[in-house]
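# Understanding the architecture of this molecule
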Amino acid sequence: MRVLGVDPGLTRCGLGVVDGGKGRAVRCVAVGVVRTPPDAELAHRLLGISDEVERWMDKYRPEAVAVERVFAQHNVRTAMGTAQAGGVVALAAARRGLPVVFHTPSEVKAAVSGSGRADKAQVTAMVMRLLNLEVAPHPADAADALALAICHLWREPMRARLAEAEARAAEMARTHKARLAAAAKQASANKQATMTKTKKPGAAR
């Protein structure tokens, strides 16, 4: 499976494409960063991100897109910009029929380093090790994008199996509930029939 990982941001939007092999084997296909000038209008900045992301999707043909989920930050303006960039990426993926999954920073850190509290240096080091990279992706947004793709490759099969199990359990619960309802209805009908028989004409004195 090929995954495009995206660390969204207006000034820097990290992009990383990773192929998953057997087991936990992963291979880096491409990594980079989309930059937009801070003094440009918001609409033009989002357009620039959209154009580059779509170019990557057309060039590398990912089968899924993993985006970092935005959490509340002290800087509301930064959080809004990050969310807007992530929305542009999700829209581009949706136009191509690609599944989009949002992963939290702690999920990504835990998947790659084993600790949800790992810092950026630790995440970058593990990304280099896992992908056999001789040079650290720069800036950190690029390494984060690769980490997102790796996280998705490793977590998605488990998430899919869990979702499938939950769907089966829900279907079994619905079937059991329907059977109980049918049994209760039949019992009520039998009781009504018995009561009707005891009240036949001539039974009373």
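Before reading on, note that the structure itself is shown above.
Attention here is on the structure that accompanies the text.

The rules behind the values
- Residues numbered from 1 in each chain as written.
- Predicted model: local features only at pLDDT ≥ 70, side-chain atom pairs only at ≥ 80, totals over all residues.
- Heavy atoms only, no water.
- Helix = DSSP H or I, 4+ residues; strand = E, 2+ residues; numbered from the N terminus.
- Expected span 1.5 Å × (residues − 1).
- Contact = heavy atoms within 4.5 Å.
- Phe/Tyr/Trp six-rings, centres within 6.5 Å; stacked < 30°, edge-to-face > 60°.
- Lys NZ or Arg CZ within 6 Å of the ring centre and 35° of its normal.
- Pairing = 2+ DSSP bridges.
- Axes fitted to C-alpha atoms, helices over the stretch in contact; angles between N-to-C directions.
- Parallel < 35°, antiparallel > 145°, perpendicular 65-115°, else oblique.
- Left-handed = near helix turned anticlockwise from the far one by under 90°.
- Nonpolar A, V, L, I, M, F, W, Y, C, P; charged D, E, K, R; others polar.
- Buried < 20%, exposed > 50% of the residue type's maximum accessible area, 1.4 Å probe, protein only.
- Arc of directions from axis to C-beta.
- Polar contact = N/O pair within 3.5 Å; in protein donor to acceptor, adjacent residues only side chain to side chain.

### Regarding helix α2 (residues 76-95)
Its 20 residues place the ends of α2 29 Å apart at the C-alpha level, agreeing with the 28 Å of an ideal helix rising 1.5 Å per residue. Those residues of α2 that are buried lie in contact with β1 (2-7), α1 (42-60), β4 (64-68) and β5 (100-103). Positioned one or two residues after α2, G97 has a phi angle of 75 degrees, which is positive.

### A few points about the packing of aromatic side chains
All told, the structure shown has 1 aromatic pair when counted by the stated rule. Their ring planes at 55 degrees and their centres at 5.2 Å tell us that W56 and Y60 sit as a pair that is tilted. Here W56 and its partner Y60 are both found in helix α1, 4 residues apart, which amounts to about one turn of the helix. If you follow R24 out to its NZ or CZ, it ends over the ring of W154, 3.6 Å from the centre.

### Here we look at the sheet that holds β4
Ordered in space as β3-β2-β1-β4-β5, the 5 strands form an open sheet in which the pairing is mixed. The open sheet has two edge strands with one neighbour each: β3 (26-35) and β5. The average angle at which neighbouring strand axes cross in this sheet is 20 degrees, direction not considered. Where strand β2 (residues 12-20) lies against β3, 9 bridges are found, and the strand directions are antiparallel. Bridge pairing in β3 places V17 opposite A30.

### Notes on the packing of helix α3 (residues 105-113) against helix α4 (residues 120-131)
Direction vectors running N to C along α3 and α4 enclose 50 degrees, while the axes themselves pass 9 Å from each other. Here α3 lies oblique to α4, going by the angle between them. As for the relative orientation of α3 and α4, their crossing is left-handed in sense. From α3, K109, V112 and S113 reach across to α4, where they touch V123, M126, V127 and L130. For the contact of α3 with α4, the residue count by class is 5 nonpolar, 1 polar and 1 charged.

### Regarding unusual backbone geometry
Of note, the amide linkage connecting H138 to P139 takes the cis form, showing an omega dihedral of 0 degrees. Considering the arrangement of structural elements, one finds P139 in the loop between α4 and α5 (140-198). Here the phi dihedral of R61 falls at roughly 50 degrees; this positive angle occurs in a residue that is not glycine. Among the secondary structure elements, R61 is positioned in the loop between α1 and β4. Of note in this structure, N132 is not a glycine but carries a positive phi near 55 degrees. Looking at the secondary structure, you find N132 in the loop between α4 and α5. Owing to a relative accessible area of 66%, N132 belongs among the exposed residues under this scheme.

### A look at α4
Over its 12 residues, α4 runs 16 Å from end to end, which matches the ideal 16 Å to within 8%, given 1.5 Å per residue. Among the residues making up α4, those that are buried are V123, T124, V127 and L131. For α4, the angular spread of the buried residues around the axis is 100 degrees, confining them to a single face. More than 90 degrees from the buried face of α4, the exposed residues found are A121 and R129. The N-cap of α4, judged by a side-chain oxygen 3.2 Å from the amide nitrogen of A121 a few residues on, is D119. The positive-phi residue at the C-terminal boundary of α4 is N132, with phi of around 55 degrees.

### As for the packing of α1 against α2
Interaxial distance between α1 and α2 falls to 9 Å at its minimum, and their mutual angle equals 40 degrees. Regarding the angle of α1 to α2, the classification is oblique. The interaxial crossing formed by α1 with α2 has right-handed handedness. Judged by residue contacts, L42, L46, I49, S50, V53, E54 and M57 of α1 engage Q84, A85, V88, V89, A92, A93 and R95 from α2. Tallied by class, residues from the contact of α1 with α2 come to 10 nonpolar, 2 polar and 2 charged.

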